[in-house]
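# A structural walkthrough
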Protein chains: 2
Amino acid sequence: MNEGQNEALRGYLSERRRIVDEALDRFLPGEDVYPPSIFMAVRYSLFAGGKRIRPILCLASAEAVGGNIETVLPVACALELIHTYSLIHDDLPAIDNDDYRRGRLTNHKVFGENIAILAGDALLTEAFHLMSERNLMEAVPPEKLLTVIHDIARAAGYFGMVGGQVVDVQSEGKRVDLDTLYYIHTRKTGALIISSVKAGALLSGAGEDELKALSSYAGDVGFAFQIADDILNVEGDRKMMGKDTGSDADRGKVTFPGLMGIEASRQKAKDLVQSALLAIRHFDHRADPLRMIAEFVVERRS
Amino acid sequence: MNEGQNEALRGYLSERRRIVDEALDRFLPGEDVYPPSIFMAVRYSLFAGGKRIRPILCLASAEAVGGNIETVLPVACALELIHTYSLIHDDLPAIDNDDYRRGRLTNHKVFGENIAILAGDALLTEAFHLMSERNLMEAVPPEKLLTVIHDIARAAGYFGMVGGQVVDVQSEGKRVDLDTLYYIHTRKTGALIISSVKAGALLSGAGEDELKALSSYAGDVGFAFQIADDILNVEGDRKMMGKDTGSDADRGKVTFPGLMGIEASRQKAKDLVQSALLAIRHFDHRADPLRMIAEFVVERRS
């Protein structure tokens, strides 16, 4: 990326982040609603400076097939609720036992373990409440919405994110092969990223061929994203990542750089981005945001 | 209830429980599916001898308005998945810290806290995956299914079950008034029971008047159920309840018997059942199972 592209991307991402943040704030109850502790805990983690990659991918995918971003905004936000719930539960003492995330104390350090568990539960539940809110998505045929809910639930559940997390947890401190690492990556991060891209397209009336190309793009981008995350975890400094770097290695977690080295991992991520771009080569300029995001994934510093 | 009615009810409930258990077994992956630990943990709690009250209410409500129980079975099972997830998370050390439930070790005592948290997450997610499975419910108009998903998500989330649990957790060891206790009861148990009854009726094409009557029935029954649970917690013996009785009081939890005494609580539960029966007085004999269940709630011994 040259200087100009970089600036365009930064502008695009911050504008999209603003749209997503505003919508999340609108969709979620305020901290004065009873019982306030749950809404404080939910909002604490939801508005903790997340990159909003999943909602932004969902919106960009809608645009790529000529859709309207307003229409897909509730589902885009629901994806962020699911992502946030997974972070809260992952950070719990019984799982990753992390005290910091994005430079701030984790949810359970501030609100206690009990409220953190319940805040995660509430976010996951609210994701489905929001996605089934017909009034917000009158333009979408109900059967499309059901397909999207079904796909996202699968991606978030035991055959997706939860399954990946289970294998990840059980692999700690063990020698893990590339197949297992691939399983963890594709389920824990990849599945929901693919669903994010598919959701935007499906809700915008994309055809089979478009969906196939976008799913392929998303699979590559999601995988590259996780590898880049692993690399940042090894190399990044505490300030950029907002948590103790090297913590995965300390915990005996297997990562891509750990298994195949930093350079090979970096090359793998770049190859994946090229493959992602290839998958959507027949899309017109409306897919440019998707193209930019793919490049951002491997160039980001935090 | 006389002897004959009692026998009819027992037969009805055990037959319904069998139908629900078989369907749950069919809908859920086996313990040999990868990663097996999550499916073992999920099935351990799901097939732990639950009464299946929510699914049975859902089926009975469908019948009461002339619906087909096969049609509502996936949603009925999803309600049990949500109920089971809530039990697993409630039992966690950070929340109620219970070692036993229904006479068996709790999920986290067998599988560890990390898997128990993830098993709860997986069950909640799978509930929405199952409810959005169009192939299983082709007879249901998609917009009805969305309404049901939306209603159940609300009942399970921060304005329902999770909200009730938050207030319950924060009330431990504190002096709590009747309003707060009512809030906890109606949210923590009542909301999902009302949604169970509404779901069965909605999926079977019930009209507005029928829905209103059934919601009123369910509110009363759910409340009576929780009071009866509180009474059993105080009076029941360990064998019947499968957990240490008196444990709510030990923990400083406020209960109905604790606040207004056993006798007044028992009377209140009976009054609620009468009110429930009154709400569905215009329904024909197809609502008899609902009538029986209402009476069962206050007469059950475990």
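Residues numbered from 1 in each chain as written. Chains lettered and ligands numbered in written order. Predicted model: local features only at pLDDT ≥ 70, side-chain atom pairs only at ≥ 80, totals over all residues.

What follows is about the overall build of chain A. What chain A contains, in helices and strands, is 15 helices and two strands. For a compact globule of 302 residues, the expected C-alpha radius of gyration is about 19 Å, and chain A comes in at 18 Å, within 12% of that figure. When burial is assessed residue by residue, chain A has 54% of its 302 residues classed as buried. Considering only contacts within chain A whose residues lie at least 6 apart along the sequence, 72% involve residues at least 24 apart. (Helix = DSSP H or I, 4+ residues; strand = E, 2+ residues; numbered from the N terminus. Rg over C-alpha atoms; globule rule 2.2 N^0.38 Å. Buried ≥ 20, exposed ≤ 12 C-beta atoms within 10 Å, placed from the backbone. Contact = placed C-beta atoms within 7 Å.)

Here we come to the confidence of the model for chain A. Mean pLDDT over chain A stands at 93; residues scoring 70 or higher make up 94%. Two summary scores accompany this predicted model of the complex, namely pTM at 0.95 and ipTM at 0.95. (pLDDT = per-residue confidence, 0-100.)

A few words on the packing of helix α10 (residues 208–235) of chain B against helix α14 (residues 262–279) of chain B. Residues and elements named next belong to chain B. Remark: α10 packs on α14, axes separated minimally by 8 Å, with the N-to-C direction vectors making an angle of 160 degrees. The angle between α10 and α14 falls in the class roughly antiparallel. In the crossing of α10 with α14, the sense of the turn from one axis to the other is left-handed. Contacts between α10 and α14 involve Ala 213, Ser 216, Tyr 217, Asp 220, Val 221, Phe 223, Ala 224, Ile 227, Ala 228, Asp 230, Ile 231 and Val 234 on the former and, on the latter, Ile 262, Ser 265, Arg 266, Lys 268, Ala 269, Leu 272, Val 273, Ser 275, Ala 276 and Ala 279. Here the contact of α10 with α14 is built from residues that sort into 15 nonpolar, three polar and four charged. (Axes fitted to C-alpha atoms, helices over the stretch in contact; angles between N-to-C directions. Parallel < 35°, antiparallel > 145°, perpendicular 65-115°, else oblique. Left-handed = near helix turned anticlockwise from the far one by under 90°. Nonpolar A, V, L, I, M, F, W, Y, C, P; charged D, E, K, R; others polar.)

Here we come to the interface of chain B and chain A. Counting residues at the interface gives 40 residues for chain B and 40 residues for chain A. Of all elements in the fold, only α2 (36–46), α6 (113–131), α7 (142–156) and α8 (161–171) of chain B reach the threshold of two or more residues within the side of chain B that touches chain A. The dominant element in the side of chain B that touches chain A, judged by the number of residues it contributes, is α6(B), at twelve residues. The class makeup of the residues in the side of chain B that touches chain A is 22 nonpolar, eleven polar and seven charged.

Ranked by internal contacts, the top residues of the largest apolar core, which has 201 residues, are Ile38(A), Ala119(A), Ile38(B) and Ala119(B). Ala119(A) has contacts with Ile38(A), Ala41(A), Val42(A), Ser45(A), Ile88(A), Asn107(A) and Phe111(A), leaving out every residue within four places of it along the chain. (Core = buried A, V, L, I, M, F, W, Y, C linked by C-beta atoms within 7 Å.)

Right, let's talk about unusual backbone geometry for a bit. Residue and element names in this part refer to chain A. The omega torsion of the bond from Tyr 34 to Pro 35 falls at -5 degrees, within 30 degrees of zero and hence cis. Secondary-structure assignment places Pro 35 in the loop between α1 (3–27) and α2 (36–46). Phi is positive for Arg 102, close to 50 degrees, though the residue is something other than glycine. With respect to the secondary-structure elements, Arg 102 resides in the loop between β1 (100–101) and β2 (104–105).

Before going further, it helps to spend a moment on the environment of Ile88(A). Residue and element names in this part refer to chain A. Position of Ile 88 among the secondary structure elements: in helix α4 (residues 69–91). Each C-alpha atom, one on Ile 88 and one on Leu 46, is 9.7 Å from the other, the two residues being 42 residues apart in sequence. Ignoring any residue separated from it by four or fewer positions in sequence, one finds Ile 88 in contact with Ser 45, Asn 107, Ala 116, Ala 119 and Gly 120.

Moving on: the relation of the copies chain B and chain A. Two copies of one chain are present, and they are related through a rotation about an axis combined with an axial shift. The transform that puts chain B on chain A rotates by 180 degrees and translates by 0.0 Å along the axis, for an RMSD of 0.0 Å. Taken together, the rotation and translation describe the operation of a two-fold axis. Using C-alpha coordinates, one finds that chain B approaches the rotation axis most closely at Pro142(B), a distance of 2.9 Å. Both copies share a contact surface, since 100% of the interface residues of chain B are interface residues in chain A too. (Least-squares fit on C-alpha atoms with pLDDT ≥ 70 in both.)

Moving on: helix α14 (residues 262–279) of chain A. All names here are of chain A. Compared with the 26 Å implied by 1.5 Å per residue over 18 residues, the 26 Å span of α14 between its first and last C-alpha is a close match. Every buried residue of α14 is accounted for by Ser 265, Ala 269, Leu 272, Val 273, Ala 276 and Ala 279. The buried residues of α14 occupy an angular sector of 120 degrees when projected down its axis, which confines them to one face. Turned more than 90 degrees away from the buried face of α14, the exposed residues are Glu 263 and Gln 274. Against α10 (208–235), α13 (256–260) and α15 (288–299) lie the buried residues of α14. (Expected span 1.5 Å × (residues − 1). Arc of directions from axis to C-beta.)

Residue and element names in this part refer to chain A. Their axes nearest at 8 Å, the elements helix α3 (residues 53–64) and α15 cross at an angle of 145 degrees. Residues Ile 56, Leu 57, Ala 60, Ser 61, Glu 63 and Ala 64 of α3 form the contact with α15, whose own contacting residues are Pro 289, Leu 290 and Ile 293. Looking at the contact of α3 with α15 residue by residue, the classes come out as seven nonpolar, one polar and one charged.

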